[in-house]
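# Structural overview for review
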Amino acid sequence: MSYLMPSEFVTKMVDAGEAKVFMSTRDTVIRGFMAGAILALAAVFAITIAVKTGSFLLGAILFPVGFCMLYLMGFDLLTGVFVLTPLALLDKRPGVTVKGILRNWGLVFVGNFAGALTVAFMISFILTYGYNIDAGAIGAKIASIGESRTLGYAEHGTAGWFTIFIRGMLCNWMVSLGVVGAMISTNVSGKVIAMWMPIFLFFFMGFEHSVVNMFLFPFGIIMGGDFSVADYFIWNEIPTALGNLVGGLAFTGLTLYTTHVRTGAKRPLPESAEKPATA
């Protein structure tokens, strides 16, 4: 694949962050909606594979299909804008403000949630023939995921909350590497390969992704999962989103920007190396 040097693709990260801050409200919401919807389809696709084959590994291997599709179409995930937009502020791009960044995050969140919720209703409808039959093994599996990843954490109190937060950090460390990975190549195959690896890792390891959860938990509630909307937000979505923000920005955005754009001063040569050799 055609490879860009880190100094080149990190500049592209800053450019992308700046463009997202100034994107129109309509375009931001539409792109967020489509990203949330496609990632939700990828999640139910992976879970369906895992349930029908008995292999979670196979589901995790194929889950990145959705991420690759939405990225190649130019749609936006909350986890991605968490990383890219602050870099434009750090780089002092004209007109980029904290208010503009928060506006972008809010609009992408709304779009992602609307897209994921739409797919949750569509999939729940087709699995139950209009809520007239049981959803079967797939519905039961997703409902159980919702219970274990809300009430299961709540049982451990503060330690459970911070466990979700750290899982969210680890998740967006990997997901943001997928976003950045797509920038290191100028052809589709190279982009897909670079995205696939970290996305597969995050999904198989069970890290917490705020947008995937926008599908899983509403779907679980529709399917009769024994947890509430409040349980979902307090014991999953909020700590997950905060962890996604901190992990993606700290481990990917700031580290790459600091060492490839605002690099440190070069070390001076030792005096022995500066003196010419004498006969």
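The preceding data block contains the structure.
Given the structure is predicted, the values throughout are model-derived calculations rather than measurements. (Residues numbered from 1 in each chain as written. Predicted model: local features only at pLDDT ≥ 70, side-chain atom pairs only at ≥ 80, totals over all residues. Heavy atoms only, no water.)

## Remarks on the nonpolar core
Selection rule: What makes a nonpolar core is a set of buried Ala, Val, Leu, Ile, Met, Phe, Trp, Tyr and Cys residues whose side-chain atoms join them at distances within 4.5 Å. Accessible area is worked out with a 1.4 Å probe on protein chains only. A residue is then buried under 20% of its type maximum, exposed over 50%, and partly exposed in between. In this description, contact between two residues means that some pair of their heavy atoms is separated by no more than 4.5 Å.
In this structure, Met13, Phe63, Phe202 and Phe215 are the most contacted members of the largest nonpolar core, which totals 67 residues. Apart from the residues within four sequence positions on either side, Phe63 is in contact with Leu39, Ala42, Ala43, Ala46, Ile199, Phe202, Phe203 and Val212.

## Some words on the state of the cysteines
Disulfide: a covalent bond connecting the sulfur atoms of a pair of cysteines. What counts, and what does not: Cysteine sulfur atoms are paired as a disulfide whenever they come within 2.5 Å of each other.
The full count for this structure, using the stated rule, is zero disulfides. Cys68 carries a free sulfur, and the closest cysteine sulfur to it, the one in Cys171, is 15 Å from it. Judged by its relative accessible area of 0%, Cys171 falls in the buried class.

## A short note on helix α10 (residues 188-204)
Counted only if it meets this: In this description a helix means any DSSP run of H or I spanning at least four residues, a strand means any run of E spanning at least two, and both kinds are numbered starting from the N terminus. By definition here, a helix of n residues has an expected span of 1.5 Å times n minus one. Bend, in this description, refers to the angle at a residue between axes fitted to the seven residues ending there and the seven starting there.
The terminal C-alpha atoms of α10, which comprises 17 residues, lie 24 Å apart, in line with the 24 Å expected from a rise of 1.5 Å per residue. When the local axis directions of α10 are compared, the greatest deviation, roughly 25°, occurs at Trp196, which is followed within four positions by the proline Pro198. Within the sequence span of α10, burial applies to Gly190, Lys191, Ala194, Met195, Pro198, Ile199, Phe202 and Phe203. Of the surrounding secondary structure, the elements contacted by the buried residues of α10 are α2 (25-53), α3 (56-62), α4 (64-72), α9 (157-181) and α11 (210-222). Gly206 sits one or two positions beyond α10 and adopts a positive phi of about 75°.

## Let's talk about the pattern of salt bridges
Test applied: Salt bridge, as used here: a side-chain nitrogen of Lys or Arg that lies within 4 Å of a carboxyl oxygen of Asp or Glu.
The tally for this structure, following the rule as stated, stands at six salt bridges. A salt bridge links Asp91 to Arg93; the shortest N-O distance between them is 2.9 Å. Residue classification places Asp91 among the partly exposed residues on the basis of a relative accessible area of 24%. On the basis of relative accessibility, which here comes to 16%, the residue Arg93 falls in the buried class.

## What to know about the side chain of Asn112
On the secondary structure map, Asn112 appears in helix α6 (residues 98-128). Leave out the neighbours within four places in its chain, and Asn112 touches Gly32, Phe33, Ala35, Gly36, Asp76, Leu77, Leu78, Val211 and Met214.

## Comments concerning a nonpolar patch on the surface
Here is the rule: The patches reported here contain residues having more than 30% relative accessible area and no salt bridge. Joining distances are 9 Å for like charges and 5 Å for nonpolar side chains (Val, Leu, Ile, Met, Phe, Trp, Tyr). Calculation of accessible area relied on Shrake-Rupley with a 1.4 Å probe; when residues are assessed, cover is drawn exclusively from the protein chains displayed.
A cluster of nonpolar side chains, namely Phe56, Leu57, Leu58, Ile61, Leu201, Phe204 and Met205, defines an oily patch on the protein surface of about 580 Å² accessible area. Those elements that provide at least two residues to the nonpolar patch are α3 and α10. Per element, the largest residue contribution to the nonpolar patch is four residues, and it comes from α3. The exposure class assigned to Leu57 is partly exposed, which follows from its relative accessible area of 40%.

## Brief notes about the layout of surface pockets
The criterion, for reference: The definitions used throughout rest on a 1 Å grid laid over the protein atoms alone, on which a cavity is an enclosed set of points accommodating a 1.4 Å probe that cannot get out and a pocket is an open set flanked by protein within 12 Å on both sides along at least five of seven lines; lining residues are those having an atom within 4 Å of a point. Grid points are joined across faces, edges and corners, and a volume is the space filled by probe spheres set on the points. Lys, Arg, Asp and Glu make up the charged group, whereas Ala, Val, Leu, Ile, Met, Phe, Trp, Tyr, Cys and Pro make up the nonpolar group; the residues left over, Gly among them, are polar.
For the largest pocket, the calculated volume is near 290 Å³. Together, 17 residues line the largest pocket, and Ile47, Phe56, Ile145, Arg149 and Phe203 are the ones closest to its centre. Elements that contribute at least two residues to the lining of the largest pocket include exactly α2, α7 (136-148), α10 and α11. With four residues, the single largest contributor to the lining of the largest pocket is α2. Tallied by class, the residues present in the lining of the largest pocket amount to 11 nonpolar, four polar and two charged. Forming the walls of the second largest pocket are 17 residues, and the residues nearest its centre are Lys20, Tyr71, Phe75, Asp76 and Leu84. Contributions of two or more residues to the lining of the second largest pocket are made by α1 (6-21), α4 and α5 (78-90). Grouping the constituent residues of the lining of the second largest pocket by class yields 12 nonpolar, two polar and three charged.

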